[in-house]
Amino acid sequence: MDRLSRGAFLTAAAAVPIAAGVSLPAAAQRRSHYALTMNLTTSEIAPGHTIETIAYNDTIPGPLIRVREGEQVTIDVTNKLCGIDDIVHWHGLQVPVSADGAMEEGDPMIEPGTTYRYTFVAKPAGTRWYHAHAIAKTDFNRSLYTGQFGFFYIEPKNDPGRYDKEAFIALRQWEPSWVILQDLRRGPPADNGLEVNYMSASFNGRALGFGDPIRVRQGQRVLFRLLNADATMDASIALPAHRFTVLALDGNPVPVPQTVDVLYLAPGERIDAVVEMNAPGVWVFGATQNAMRTMGMGAVVEYAGARGDPVWQAPPPSQWDYTIFARPPVTRDVDGIFPLTFDKIPGGRGGYNRWTINGKSWPDTDHLVVQRGKRYRIVLNNQSGDMHPIHLHRHTFEVTNWTGKAMSGLMKDVVAVPGRKTAEIEFVADNPGTSLFHCHMQDHQDFGFMTLVTYT
Ligand SMILES: [Cu+2]
């Protein structure tokens, strides 16, 4: 097995007894001290197709960070780049502001030739991740456009471990460029600015058919821990002849696990889903969108003893809907409501679109001022035609309304708000310090779509 895919697919030994409480061999890889080095590296993502990018420890994704919930973890990040500073954000973790890795909150950028130590208690349990959090603007050699991302898995204190095999998979597109992309279905205005377009894509840094197959056996329960690590694009993925039982969204167990044909992930989102391997064959696990799959967004799932070319079949039509994983709505008082309207200022032909929150762009956006211990509702009103994956740092929020449908119990740190739709989230201000609130699209956050939650 080659270097990249060995790091990418952490496979537990087969058929770990559930009741026996035997810990998975992967648990042996738990450590409390990690070292990440930001390096300029080359990576072969498809046969003979090599890209140059920045990565952690020369692997894509970066090394898996795996710790037990509540444990102290130390991560030394060394910058070996020439003339480029950067910073690492621990996405979905409830960390102190000093360890969050966001320049806008006052955290230091890591200068070339230096090492910065992040140390914090790992919480909450679940599938988290880490990634660069610099401003890229028009520079595709920065931040989320590069290979600077990896999984950060925090094991719960009592891991049910109801699976035979675990596969961490990060979705990603490569080779971005600015293009004029007029979506005729959206109609006017035709003054839309430049959009980001890609040439290639991968699961775990390898294009479909190039990486090692995900090897399974009939009867296995495979737990996929999926991450959309893309800078700007959402993705729907499917595995023909198989269904996904969704256990967690953004690492947090869902109130109502549901079995679906297609998974949808906006940038920054994670899904933990179990698949019962009961359809022997060689299958394409990949993007439902043909163009994205053809670019390489996928991996082969191969049953032991199966032969032949990998088979793709389009899944039945489906619509992603967060509410099916949630409980019915409950009426709860909040201590404050922040109505936020998101809009786009089209950049015009050849220009860059700008984004506004209540009519203002970062750094002029109004802060959301909260008091410790109180509960707040944020009303997200997306007036633009684009989907926005809205992310709040250092806190977990409850999605209480999505596209007009009220709900409760669904805890997330990113919520995808479709074009011209609304959503509502509620959170308890339980982690004092400044917290960044922004759209997770790299180009959107770079061009205005950010503000801060501040405590009084
Ligand atoms: Cu956005």
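Definitions and limits used
- Just so you know, the residues in each chain are numbered from 1, in the order the chain's sequence is written.
- Side-chain atom pairs in this predicted model are given and counted only at pLDDT of 80 or more, local residue features only at pLDDT of at least 70, and totals for whole chains, interfaces and linings cover all residues.
- In DSSP terms, a helix is any run of H or I states spanning at least four residues, a strand is any run of E spanning at least two, and both are numbered starting from the N terminus.
- The exposure label follows from counting other C-beta atoms within 10 Å of a residue's C-beta, where the C-beta atoms are placed from the backbone and the thresholds are 20 or more for buried and 12 or fewer for exposed, leaving partly exposed in between.
- Whether two residues are in contact is decided by their C-beta atoms, placed from the backbone, lying within 7 Å.
- Confidence of the prediction at every residue is given by pLDDT, a number between 0 and 100.
- We define a nonpolar core as a collection of buried residues of the types Ala, Val, Leu, Ile, Met, Phe, Trp, Tyr and Cys that are connected via C-beta atoms lying within 7 Å of each other.

**Regarding the environment of R30**
Next up, step 1: When you line up the elements, R30 lands in the loop between α1 (3-8) and β1 (33-46).
Next up, step 2: On the basis of neighbour counts, which here come to 15 C-beta atoms within 10 Å, the residue R30 falls in the partly exposed class.
Next up, step 3: Separated by 150 residues in sequence, R30 and I180 have C-alpha atoms that sit 46 Å apart.
Next up, step 4: Setting aside residues up to four positions removed in sequence, R30 forms contacts with R66, V67 and R68.

**Some words on the environment of V254**
Next up, step 1: With respect to the helices and strands, V254 occurs in strand β17 (residues 252-260).
Next up, step 2: Linking V254 and M411, residues 157 residues apart in sequence, is a C-alpha distance of 7.4 Å.
Next up, step 3: The residues touching V254, leaving out its near neighbours within four places in the chain, are V246, L247, A248, L249, F325 and L410.

**With respect to the confidence of the model for the chain**
Next up, step 1: Overall, the prediction assigns the chain a mean pLDDT of 92, with 91% of residues at 70 or greater.
Next up, step 2: For the stretch residues 1-24, pLDDT sits under 50, and the model shows 46 contacts to residues farther than four places along the chain or on other chains.

**With respect to the nonpolar core**
Next up, step 1: In terms of nonpolar packing, the biggest core is built from 119 residues, with A273 and M297 touching the most fellow members.
Next up, step 2: With 6 residues, strand β9 (residues 165-174) is the single largest residue contributor to this core.

**Quick notes on unusual backbone geometry**
Next up, step 1: The peptide bond linking I60 to P61 adopts the cis configuration, its omega dihedral lying at -5°.
Next up, step 2: For P61, the location among the structural elements is in the loop between β2 (49-56) and β3 (65-68).
Next up, step 3: One non-glycine residue, D250, adopts positive backbone phi at about 55°.
Next up, step 4: Counting through the fold element by element, D250 comes out in the loop between β16 (244-249) and β17.
Next up, step 5: D250 gets classed as buried once you count the C-beta atoms within 10 Å, which come to 28.
Next up, step 6: Its identity is not glycine, yet R394 carries a phi of approximately 65°, on the positive side.
Next up, step 7: Along the polypeptide, R394 turns up in the loop between β26 (388-392) and β27 (397-402).
Next up, step 8: Taking the C-beta count within 10 Å as the criterion, R394 has 25 such neighbours and is therefore assigned buried.

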